[in-house]
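# Breakdown of the fold
Below are the chains, spelled out letter by letter.
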Amino acid sequence: MSVSKAARNLLALVTKAKEASASSDDSEVSRCVDILATLKTDASVSPAVLMEAPEIGKTLKVLKKHANEKVAKSAVEVLSAWKALIAGDAAAAAPAPKAASEAPVKSEKPAKSPPPPSASSGGDELPPSTNDKVRDAFAKKFVETLRLARSELPDDEKASASGADVATLASRVEAEAFAKFGSDSASKEYKAKIRSLVFNLQDKKNPDLRRRVLVGDVAPEKLAHMSADELASDALRQEKDKMRDHALFESERGALNVATTDAFKCGKCGKRKCAYTQAQTRSADEPMTTFVTCMNCNNRWKFS
Ligand SMILES: [Zn+2]
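Residues numbered from 1 in each chain as written. Predicted model: local features only at pLDDT ≥ 70, side-chain atom pairs only at ≥ 80, totals over all residues. Heavy atoms only, no water.

By the naming in an unreviewed UniProt entry, the protein chain is Transcription elongation factor, taken from Pycnococcus provasolii. Recorded under Subcellular location (unreviewed entry), the UniProt text for the protein chain is reproduced unchanged: "Nucleus". Per UniProt, the protein chain has the following entry under Function (unreviewed entry): "Necessary for efficient RNA polymerase II transcription elongation past template-encoded arresting sites." (UniProt positions renumbered as here; feature names shortened; annotations may be inferred.)

Quick look at the structure:
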């Protein structure tokens, strides 16, 4: 994944602050404090940006423990300001972010397919305005998580999803939450719902949720009505899938005598001596998944 301009700029600033903080020169240390002060209100901060360049957060956490009290305090302030910004409230209250922060996370598309019209330009990824600053800021958060989802897609799916209208999707998610939770952007329920959605959509351990929203598996209407448990359960579901796959591999090893075949070639050792099982792992209308184990080197793979 290539790193966006916003992430690079932020990382450069944080690195400068760290370098300055290492100096024994007082003027350098106060330069560090100055940089940290500007970072506090940097409008280009977003969960996506921080995820792109984890060094930004790591460096700030190091500065938090700096021997110089002013440096440590400033770093703490930056981190808590960003936390609030990301939670949404501060973003809604802050002045409109500069155009630079709207630069989309660049997704690597296969070189041969021409990019779909204006899919990667930033301007058309702004959700339509609701004339409510809070709501617009929240919709932008959803745009960020959907861009993140797009950047995480495997290469062969990127091309087909690069035209996905993340701005419209994002505003539909926001509108659903708004309609369901009081039609009042100041209501606690609405804000809590949005925070929960943003949190789950940007959760590192739950990439499947944002992907499913992006590709249309989970409609915005459905997403807005999912409980916290349902939102979080994708990560758990994947754990269960893994365990079930493991169980299938194991059960197929138990039946080695009957299921050995030369139909599959092991990608690791090249031998054609494999055991396999087939199973319906998803819904009945999807193809069977075949689980293969190489009898020679124990290499395992599956396909459907
Ligand atoms: Zn093998």
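Turning to its location among the elements, Lys141 is positioned in helix H7 (residues 133-152). The class for Lys141 is buried, based on a relative accessible area of 6%. The spacing of Lys141 and Pro47 is 94 residues in sequence and 8.5 Å in space, taken between C-alpha atoms. (Helix = DSSP H or I, 4+ residues; strand = E, 2+ residues; numbered from the N terminus. Buried < 20%, exposed > 50% of the residue type's maximum accessible area, 1.4 Å probe, protein only.)

With the rule as written, the count across this model stands at seven salt bridges. Salt-bridge contacts for Lys40 lead to Glu77; the nearest nitrogen and oxygen are separated by 3.1 Å. Of this pair, Lys40 sits in helix H2 (residues 26-40) while Glu77 sits in helix H5 (residues 69-87); the two residues are 37 residues apart in sequence, bridging distant segments of the chain. What makes Lys40 partly exposed here is its relative accessible area of 28%. You can call Glu77 partly exposed: its relative accessible area is 27%. Residue Arg210 is joined to Glu152 by a salt bridge in which the shortest nitrogen-to-oxygen separation is 2.8 Å. Of this pair, Arg210 sits in helix H11 (residues 207-215) while Glu152 sits in helix H7, and the two are 58 residues apart along the sequence. Overlapping salt bridges, with partners in common, bring together Lys40, Lys73 and Glu77 in one network. (Salt bridge = Lys/Arg side-chain N within 4 Å of Asp/Glu carboxyl O.)

Here Ala37 is to be found in helix H2. The class for Ala37 is partly exposed, based on a relative accessible area of 39%. Taking the C-alpha atoms as reference points, Ala37 and Val78, 41 residues apart in sequence, are found 7.3 Å from one another.

We now examine the coordination of the zinc ion. Coordination of the zinc ion by the protein is provided by Cys266 (SG), Cys269 (SG), Cys294 (SG) and Cys297 (SG), with metal-donor distances spanning 2.3 to 2.4 Å. Of note is the zinc ion, whose four donor atoms meet at the metal with angles of 106 to 116° in an arrangement that counts as tetrahedral. Read in sequence order, the donor residues coordinating the zinc ion give the pattern C-x2-C-x24-C-x2-C. On the criterion of sequence distance, the pair formed by Cys266 in the loop between strand S1 (260-261) and strand S2 (274-279) and Cys294 in strand S3 (residues 289-294) is long-range, its members being 28 residues apart. (Donors = N, O, S within 2.8 Å, 3.2 Å for Na, K, Ca; no water. Tetrahedral: all angles 85-135°; square planar, octahedral: opposite > 155°, others 65-115°.)

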